[in-house]
Amino acid sequence: MPHFGRSYEGAADVGWTDPLVLGSFVASSLRGTRTLLVGCGASALYMASVAGAEFYLVTLLLQEGRRFEPLAAGIAFLPLAVCITLGNMIAGRLLNPLGVQRTLPLAFAIGAAAS
């Protein structure tokens, strides 16, 4: 897993869209997985566990570090919350016609393009 750490370090310097960063991240993420579906499922579980912590920690940063009022910190998250909700609704509707094997990679590609 040495490439995994390097991909995060490189992303801080050159950004996530750099081909070397993306290549090392994908290579390290998919190494050791039996199928792409297992890798996508593991990534989905990881992202689901991080989202709650993200809201909590960034809210603390906004309130303590940037001196936002609690209501203003909550309102700052509205665009993110709306995008997450819409993305989940769209993904749920795509599951039946496309199946999991096409929906997960499509969702990750859209997420990567959006960031």
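Refer to the structure presented above.
Each chain carries its own residue numbering, running from 1 in the direction its sequence is written. The model is predicted, so local features are restricted to residues of pLDDT at least 70 and side-chain atom pairs to those at 80 or more, both for listing and for counting; the totals for chains, interfaces and linings are taken over all residues. Excluding hydrogens and water, the side-chain figures rest on all heavy atoms present in the structure.

K.L.:
Would you explain the packing of aromatic side chains in this entry?
P.N.:
To describe a pair of aromatic rings, one takes the distance between the centres and the angle between the planes. Each Phe, Tyr or Trp ring, with Trp reduced to its six-membered ring, pairs with another whose centre is within 6.5 Å; inter-plane angles below 30 degrees give stacked pairs, above 60 give edge-to-face pairs, and intermediate values give tilted ones. All chains considered together, the criterion is met by one aromatic pair. On the basis of an interplanar angle of 45° and a centroid distance of 5.0 Å, the ring pair of Phe55 and Phe77 is categorised as tilted. On the criterion of sequence distance, the pair formed by Phe55 in helix H3 (residues 36-65) and Phe77 in the loop between helix H4 (70-76) and helix H5 (78-98) is long-range, its members being 22 residues apart. For each residue, the accessible area found with a 1.4 Å probe, counting protein chains only, is set against the maximum for its type, and the residue is called buried under 20%, exposed over 50%, and partly exposed in between. Given the relative accessible area of 25%, Phe55 is considered partly exposed. A run of H or I in DSSP becomes a helix once it reaches four residues, and a run of E becomes a strand once it reaches two; helices and strands are each numbered from the N terminus.

K.L.:
For this particular structure, what's the right way to read the side chain of Thr103?
P.N.:
On the secondary structure map, Thr103 appears in helix H6 (residues 100-114). Contacts were defined at the residue level, with two residues in contact if any of their heavy atoms lie within 4.5 Å. In contact with Thr103, other than residues within four places in its own chain, are Ala91, Leu94, Leu95 and Leu98.

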